[in-house]
Amino acid sequence: FGVAVYFPFMYMYPEQYIYMCELKRALDAGGHCVLEMPTGTGKTVTLLSFICSYQLRRPEVSKLIYCTRTVGEMDKVLQELERVLKYRNEQLARENALTDAATKILAVGLTTRRNLCLHPSVTNAESREDADAICRAMTASWVRASHGAASSQSESRGLFERDAPRSSVVPTEELLANDSLCPYYEKFETEGRDALIPNGVYTLDAMLSFGRARGWCPYYTARHAINVANVVVYNYQYLLDPKIAGLISRELARESIVVFDEAHNIDNVCIEALSVNLRHDALNRCMGNLQRLTARVREIKDSDAERLQTEYS
């Protein structure tokens, strides 16, 4: 079958046309392909133009998962997607062929808490690890339970903390004065967990603005939205790292088109994901802990042995 591709430029390079033809062959066959284009020949706009048009022709292929290496590349893809969809829908409207499937598109980008957070304690953290730790310290179910935000610790779904009945949630005004809980996460729990965000392309800035306007946590809003979004743009690790992918990407549709941009970086990402780095000071602390534990076990054994001798002598 043919695909009408809506390309937002007056001229298409021969390399771009060849790229689209090879993409179509791979998608029609339900297989994989490795494509290379010279720098500066419009690889991203070519790929997005074709896949968005392909999804219109093949509604069963409902999701595009676009993996990038950096946050800058992620935002660039979302901005390019916004332009492609705007042009496509304008052309479809002129042809009287604009449908709900074309207009009701949701595209979101997902990155780290530090980049998608409104809470100053997290955004001002010195490292990504510190930001993650601070966020969890304010959103973990046991922390919220201790502040009356949840009556009991319930099951977690993915990295989301599945919490107690809505009636037990602390009022936002109280949370704003409470450094131990995050008001944006609490409001997301009460209003956003079961809500669908409006259709559109959400760059990182757009998601931050949306979260600020609603008072919802942008990070958890994006996490919630990727399961229903037509286009998801995020880092390699969210799909390649087993520890992360099993929690974030396990509910994504199997009938998806997956793109790895700058795919020559995949091997390094996989090596990093499955590697463990140990420093000498960490090993020294472990040895110290083991020695203290060994001494404590020996002390308990000697104490128990002495007590038994006393009782039976």
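Residues numbered from 1 in each chain as written. Predicted model: local features only at pLDDT ≥ 70, side-chain atom pairs only at ≥ 80, totals over all residues. Heavy atoms only, no water.

Enquirer: Teacher, can you tell me more about the environment of Glu 189 here?
Expert: With respect to the element layout, Glu 189 can be found in helix H9 (residues 183-192). Along the sequence, Glu 189 and Cys 217 sit 28 residues apart, while their C-alpha atoms lie 9.1 Å from each other. (Helix = DSSP H or I, 4+ residues; strand = E, 2+ residues; numbered from the N terminus.)

Enquirer: Before we go on, may I ask you to explain the packing of aromatic side chains in this structure?
Expert: To describe a pair of aromatic rings, you give the distance between the ring centres and the angle between the ring planes. In total, this model carries 10 aromatic pairs according to the counting rule given. Summarising the aromatic geometry, the rings of Tyr 11 and Tyr 13 are spaced 5.8 Å apart at their centres and angled 80° between planes, so their arrangement reads as edge-to-face. Given a relative accessible area of 56%, Tyr 11 falls into the exposed group. Take Tyr 13: its relative accessible area is 39%, and that puts it in the partly exposed class. Each ring, one from Phe 50 and one from Tyr 54, has its centre 5.7 Å from the other, and the planes form 40°; the classification is tilted. Of this pair, Phe 50 and Tyr 54 are both found in helix H2 (residues 43-57), 4 residues apart, which corresponds to roughly one turn of the helix. (Phe/Tyr/Trp six-rings, centres within 6.5 Å; stacked < 30°, edge-to-face > 60°. Buried < 20%, exposed > 50% of the residue type's maximum accessible area, 1.4 Å probe, protein only.)

Enquirer: How should the sheet that holds strand E5 (residues 256-260) be read in this particular structure?
Expert: In any sheet, the strands associate via hydrogen bonds between backbone groups, in a parallel or an antiparallel arrangement. Read across the sheet, 5 strands follow the order E3-E2-E4-E1-E5 without closing on themselves; strand pairing throughout is parallel. Taken across any chain shown, the strands that pair with only one partner, and hence form the sheet edges, are strand E3 (200-202) and E5. On average, adjacent strands in this sheet sit at an angle of 15° to one another, irrespective of strand direction. Sheet topology note: the strand E2 (residues 106-110)/strand E4 (residues 231-235) ladder contains 4 bridges and is parallel. Bridging from a neighbouring strand, Val 108 pairs with Val 232 of E4. (Pairing = 2+ DSSP bridges. Axes fitted to C-alpha atoms, helices over the stretch in contact; angles between N-to-C directions.)

Enquirer: Can you help me understand the nonpolar core in this one?
Expert: Nonpolar side chains tend to gather and get buried jointly when the protein is soluble and globular. Counting 66 residues, the largest nonpolar core has Val 108, Leu 110, Ile 197 and Tyr 234 as its most contacted members. No other element matches the 7 residues that H2 contributes to this core. Among residues more than four places away in sequence, those in contact with Leu 110 are Met 74, Leu 116, Tyr 219, Ala 222, Arg 223, Ile 226, Val 233, Tyr 234, Asn 235, Tyr 238 and Ile 248. (Core = buried A, V, L, I, M, F, W, Y, C linked by side-chain atoms within 4.5 Å. Contact = heavy atoms within 4.5 Å.)

Enquirer: Looking at this structure, how should I read the pairing of E4?
Expert: When a strand is regular, its side chains alternate between the sheet's two faces. Judged by how many residues are buried, E4 sits mostly within the fold: 5 of 5 residues are covered. Across 5 bridges, strand E1 (residues 63-68) lies against E4 in parallel orientation. Paired with Ile 65 across the bridge in E4 is Val 232.

Enquirer: Is there a simple way to think about a nonpolar patch on the surface in this case?
Expert: Taken together, the side chains of Met 287, Leu 290, Leu 293 and Val 297 present a nonpolar region at the surface, about 370 Å² in accessible area. Following the sequence through the fold, Val 297 ends up in helix H15 (residues 280-312). (Patch = residues over 30% accessible without salt bridge, like charges linked within 9 Å, V, L, I, M, F, W, Y side chains within 5 Å. Areas by Shrake-Rupley, 256 points an atom, 1.4 Å probe, with all protein chains shown as cover. Salt bridge = Lys/Arg side-chain N within 4 Å of Asp/Glu carboxyl O.)

Enquirer: How should the pairing of E2 be read in this particular structure?
Expert: The element E2 is largely enclosed, with a buried count of 5 among its 5 residues. Burial of the side chains of E2 extends over both faces: Leu 106, Val 108 and Leu 110 are buried on one face and Ala 107 and Gly 109 on the other. Where E2 meets E3, 3 bridges bridge the pair, whose relative direction is parallel. Its bridge partner lying in E3, Leu 106 is registered against Gly 200.

Note that all results are geometric; they support no functional claim without further evidence.
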